[in-house]
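Reading the structure
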Amino acid sequence: MRPAAILLACILAPLPFLPAAPATAWDRQVRQGETLARTNCARCHAVGRIGKSPLRAAPPFRELHTRYPVEDLAEALTEGIRTGHPSMPEFRFDPDQAEDLIAYLKSLER
């Protein structure tokens, strides 16, 4: 083996053992919001970046930001969403959950 290749191998060998960058608060919110969406909303809505909504009347979450600012959902999410598609059940989230869900919706705008 060439000396340069040995040196490169010695430099790169420890890299897989370096700790991953810590998740930011935003990353945690987005992950928690995605979990809420998949748990509570995926039965009717497409909650990911691709795919059709299982219920035609339920808009895909990735398109909600084109209809209105998703931040405007905060009050409705905490007080209880009573409107939406005809078969949508009423949901009521605590303020932290609403923030997490909104963070996830915002992450879909990219």
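Quick summary incoming for the structure in this document. (Residues numbered from 1 in each chain as written. Predicted model: local features only at pLDDT ≥ 70, side-chain atom pairs only at ≥ 80, totals over all residues. Heavy atoms only, no water.)

On to the overall build of the protein chain. When helices and strands are tallied, the protein chain shows 5 helices and 0 strands. Counting helices and strands in the order they occur from the N terminus, the protein chain gives α-α-α-α-α. In the protein chain, which comprises 110 residues, the share counted as buried stands at 30%. A fraction of 51% describes how many contacts in the protein chain between residues 6 or more apart in sequence connect residues 24 or more apart. For the protein chain, the computed accessible surface area is about 7700 Å², with 60% contributed by carbon and sulfur atoms. (Helix = DSSP H or I, 4+ residues; strand = E, 2+ residues; numbered from the N terminus. Buried < 20%, exposed > 50% of the residue type's maximum accessible area, 1.4 Å probe, protein only. Contact = heavy atoms within 4.5 Å. Areas by Shrake-Rupley, 256 points an atom, 1.4 Å probe, with all protein chains shown as cover.)

Along an α-helix, residues three or four positions apart point the same way, because every turn accommodates 3.6 residues. The terminal C-alpha atoms of helix H5 (residues 95-107), which comprises 13 residues, lie 18 Å apart, in line with the 18 Å expected from a rise of 1.5 Å per residue. Ala98, Asp100, Leu101, Ile102, Ala103, Tyr104, Leu105 and Ser107 are the residues of H5 that are buried. Here the buried face of H5 lies against helix H2 (25-40), helix H3 (64-67) and helix H4 (73-79). The backbone nitrogen of Asp96 lies 3.0 Å from a side-chain oxygen of the residue at the head of H5, namely Asp94. (Expected span 1.5 Å × (residues − 1). Polar contact = N/O pair within 3.5 Å; in protein donor to acceptor, adjacent residues only side chain to side chain.)

Applying the stated criterion to the full structure yields 3 salt bridges. In this structure, Glu71 and Lys106 form a salt bridge, with 2.4 Å as the shortest nitrogen-oxygen distance. With a gap of 35 residues between them, Glu71 in the loop between H3 and H4 and Lys106 in helix H5 connect regions that are remote in the sequence. Residue Glu71 is classed as partly exposed on the basis of its relative accessible area of 39%. (Salt bridge = Lys/Arg side-chain N within 4 Å of Asp/Glu carboxyl O.)

Moving on to H2. Between its terminal C-alpha atoms H2 stretches 22 Å, which fits the 22 Å expected from 16 residues at 1.5 Å a residue. Tucked into the core, H2 has its buried residues touching H5.

For the rest of this paragraph, the subject is the side chain of Ser107. Topologically, Ser107 is positioned in helix H5. Judged by relative accessible area, which is 6%, Ser107 ranks as buried. Not counting chain neighbours up to four residues away, the residues in contact with Ser107 comprise Trp26, Val30 and Arg49.

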